[in-house]
Amino acid sequence: MIQIEQLTRRFHDLVAVDAIDLAVEAGEILGFLGPNGAGKTTTIRILTGFLPATSGRAQVAGFDVATQSLAARRHIGYCPENVPLPTDARVEEYLEYRGRLKGLAARDRARRRDEVLDQCGLSDMRRRIVGQLSRGYRQRVGLADALMGDPKVLILDEPTGGLDPGQRRDVLDLVTRLKGQRTVMLSSHVLSEVEDVCSRVAIIKRGRIVANGTREELEASVGRQGEVRISVSGDPAPLVAWLAAQGLQASAERNGSQVVRLPAGDDLAGLLSALMQAGLPVVRFEPLTRSLQEIYLDLTSERVGVES
């Protein structure tokens, strides 16, 4: 549904996006991550028609965003981090107006307006002036606007920025319900949100894609697959000696636990069985994993911040 090939954007001597390739399949929710200045917002602006690429190609729903911009944008719903809304309009009036701009026929606008008001939890706010709404409700209006044209693709740039935990949960629940119905590209710095909602993650650093895959695929490539933490009751020396005899190198932790990395193809269950047969008093045998945040920080070597 989204196809990016060798996409590049230069600003004089600065390469903001550097020949990236990325595909997002129909019905998929992709988390698009990266530190400050990594190129996320530039990529999104190219996809949504706000900024031309220097070279390369991007397609949305089969339409080239450069040469078929209007056709591509008809299939895109876009919600930026700071939604520009008129403060003096009523919610339903604003959505009606946006429906006209999106080319909805008069007979369809009211129906679609009511659908997105209900979908975004705004039915009780439909007669409220936008300027009187809280930040959370304004963000919902932005999402309703993005959905108003019934787009195949939804692009969300920091949709939960500035919201309280309850409001964030409401927005994420809405995004989760869209899985399988629409293709969603979600940019966020709250990695726990991405882990909960997205089926796949792409990480961009200095304009280049440095990782792209499911949580399990990232874990396999840069995570701790094959590592296990082992503890025994009493003195750990017999455990260390037994592991060394098996050709396994252990890394000791402060509490006496040993972290062991198995060679590729070795079986964790087989190791546990061998430990028990050796008579070692195992009290802990814990396969290790890494959070998305740990993987992200290793790949980018930067802490999460707010993108400019």
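Everything below is about the structure shown above.
Residues numbered from 1 in each chain as written. Predicted model: local features only at pLDDT ≥ 70, side-chain atom pairs only at ≥ 80, totals over all residues. Heavy atoms only, no water.

Examining the side chain of Thr43
By the element assignment, Thr43 lies in helix H1 (residues 40–47). Judged by its relative accessible area of 0%, Thr43 falls in the buried class. Residues in contact with Thr43, not counting those within four places in the same chain, are Ile4, Leu7, Val17, Ile20, Phe32 and Ile204. (Helix = DSSP H or I, 4+ residues; strand = E, 2+ residues; numbered from the N terminus. Buried < 20%, exposed > 50% of the residue type's maximum accessible area, 1.4 Å probe, protein only. Contact = heavy atoms within 4.5 Å.)

Quick notes on the pattern of salt bridges
Taken as a whole and judged by the stated rule, the model has 23 salt bridges. A salt bridge links Arg113 to Glu96; its shortest N-O distance comes to 3.3 Å. In this pair, Arg113 sits in helix H4 (residues 106–119) while Glu96 sits in helix H3 (residues 91–101), placing the two residues 17 residues apart along the sequence. Here Arg113 falls in the buried class, since its relative accessible area comes to 15%. Glu96 gets classed as buried once you look at its relative accessible area, which sits at 19%. Within this structure, Glu92, Glu96, Arg109, Arg113, Asp114, Arg126 and Arg127 form a network of salt bridges that share partners. (Salt bridge = Lys/Arg side-chain N within 4 Å of Asp/Glu carboxyl O.)

Thoughts on the sheet that holds strand E5 (residues 63–64)
Strand pairs in the sheet, formed through backbone hydrogen bonds, run parallel or antiparallel to each other. Read across the open sheet, the four strands follow the order E2-E1-E4-E5; overall the sheet is antiparallel. Lying at the two open borders of the sheet, with one neighbouring strand each, are strand E2 (14–24) and E5. Across five bridges, strand E1 (residues 2–11) lies against strand E4 (residues 55–60) in antiparallel orientation. When the bridges of E4 are listed, Gln3 appears paired with Gln59. (Pairing = 2+ DSSP bridges.)

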